[in-house]
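Secondary and tertiary structure notes
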Amino acid sequence: MVNYTIDHLKELESEAIFVIREIAAQFENPAILFSGGKDSIVLTHLAKKAFYPAKIPFPLIHIDTGHNFPETINFRDNLVNEIGAELIIGHVQESIDKGTVTEETGAEASRNFLQIATLLETLEINKIDGAMGGARRDEEKARAKERFFSHRDEFGQWDPKNQRPELWNLFNGRKKYGEHFRVFPISNWTEIDVWEYIKLEKIELPSLYFSHKRECIVRNDVILANSNFITVKDSDLVKELFVRFRTCGDMPITGALESDANNIDDIIKEVATTRTTERGGRADDKRAETAMEDRKKQGYF
């Protein structure tokens, strides 16, 4: 197991808080993109520390696909009430009703791609010019191309070849009218860094991250939580399993892993020894080799 020191975690914390304060200084209407997953929860915790004893001076934005885990929504609402933060919710269902996007059909249907339009609409309506996210470079190869300050054009699109240099922790947030930035303060963290920090800071998480018994669908070697949002196919195997989730996305696309890790120490041991990537069970990433990068170019998180 990797031997982590408090100094290492405090250096990461200091770097992230510095970036968060830079966002507050450079942008007029920043916000945190809050998914209810562990990374956005850690990011929110860091924002609390950055401005303590004052409240977080910008809103949390959650894009609700309508296919979220109930545990995630409950945790989101409880956290917002606890810290007194403003919450802005963009609903994918409203985008579908307006005809902005068309819902996918079939057993493999997902609303994950649809949330791009809802996100861009929500950022535009609320005039958000600096949207912070909890993405990390170790998550996926497309994430590894991202800088701390990631420029988006007037259409909300990302060009991986048009990244601005970031030397000596100098960040260039200058933009034209209609453009905005996505900013990733925990870019340099790894999955195990996040878990060690959660342990150090005693940060609460949704129960999804810990082993629990659940009715699941096993499809193409991916374990999905059974729900009304998933059409069961004849080839699917439905059974109860002890599982936990490493990411917190939509129910129809977020794969679980069989696990008996029901506390943070056991999860850290599991993460340290696994040879499967954190997003290895995400069905949306399996649609194409460049699935994540394609979505990001269109305006994804």
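Residues numbered from 1 in each chain as written. Predicted model: local features only at pLDDT ≥ 70, side-chain atom pairs only at ≥ 80, totals over all residues. Heavy atoms only, no water.

Side note on the overall build of the protein
Tallying secondary structure elements over the protein gives eight helices and 10 strands in all. Taking all 301 residues of the protein together, the buried fraction comes to 55%. Long-range contacts, defined here as pairs at least 24 residues apart, represent 73% of the contacts in the protein between residues at least 6 apart. Total accessible area computed for the protein in this model is approximately 14500 Å², and 48% of it derives from carbon and sulfur atoms. (Helix = DSSP H or I, 4+ residues; strand = E, 2+ residues; numbered from the N terminus. Buried < 20%, exposed > 50% of the residue type's maximum accessible area, 1.4 Å probe, protein only. Contact = heavy atoms within 4.5 Å. Areas by Shrake-Rupley, 256 points an atom, 1.4 Å probe, with all protein chains shown as cover.)

Looking at helix α3 (residues 70-83)
With 14 residues, α3 should cover 20 Å at 1.5 Å per step; its first-to-last C-alpha distance of 20 Å lies within 8% of that length. Residues of α3 that are buried include every one of Thr72, Ile73, Phe75, Arg76, Leu79, Val80 and Ile83, and no others. Considered in projection along α3, the buried side chains sweep an arc of 165 degrees and stay on one side of the axis. Projecting away from the buried face of α3 at angles above 90 degrees are the exposed residues Asn78, Asn81 and Glu82. Along its buried surface, α3 packs onto α2 (38-51), β2 (60-64) and β3 (87-91). (Expected span 1.5 Å × (residues − 1). Arc of directions from axis to C-beta.)

Examining the sheet that holds strand β4 (residues 130-132)
Read from one edge of the open sheet, six strands run β3-β2-β1-β4-β6-β5, paired in mixed fashion. In this open sheet, the two strands that pair with only one neighbour each are β3 and β5 (149-152). When strand polarity is set aside, the average angle formed by the axes of neighbouring strands in this sheet is 30 degrees. Bridge count between strand β1 (residues 30-33) and β4: three bridges; the pairing is parallel. For Ile32, the partnering residue across the bridge sits in β4 and is Met132. Against the sheet, α3 makes contact with β2 and β3, and its axis sits at roughly 160 degrees relative to β2, the strand it touches most. (Pairing = 2+ DSSP bridges. Axes fitted to C-alpha atoms, helices over the stretch in contact; angles between N-to-C directions.)

Examining the pattern of salt bridges
Under the criterion given, the structure shown has 18 salt bridges. One salt bridge connects Glu71 with Arg214, and the closest N-O pair in it is separated by 3.2 Å. With a gap of 143 residues between them, Glu71 in helix α3 and Arg214 in strand β7 (residues 212-219) connect regions that are remote in the sequence. Overall, the relative accessible area of 23% leaves Glu71 in the partly exposed class. (Salt bridge = Lys/Arg side-chain N within 4 Å of Asp/Glu carboxyl O.)

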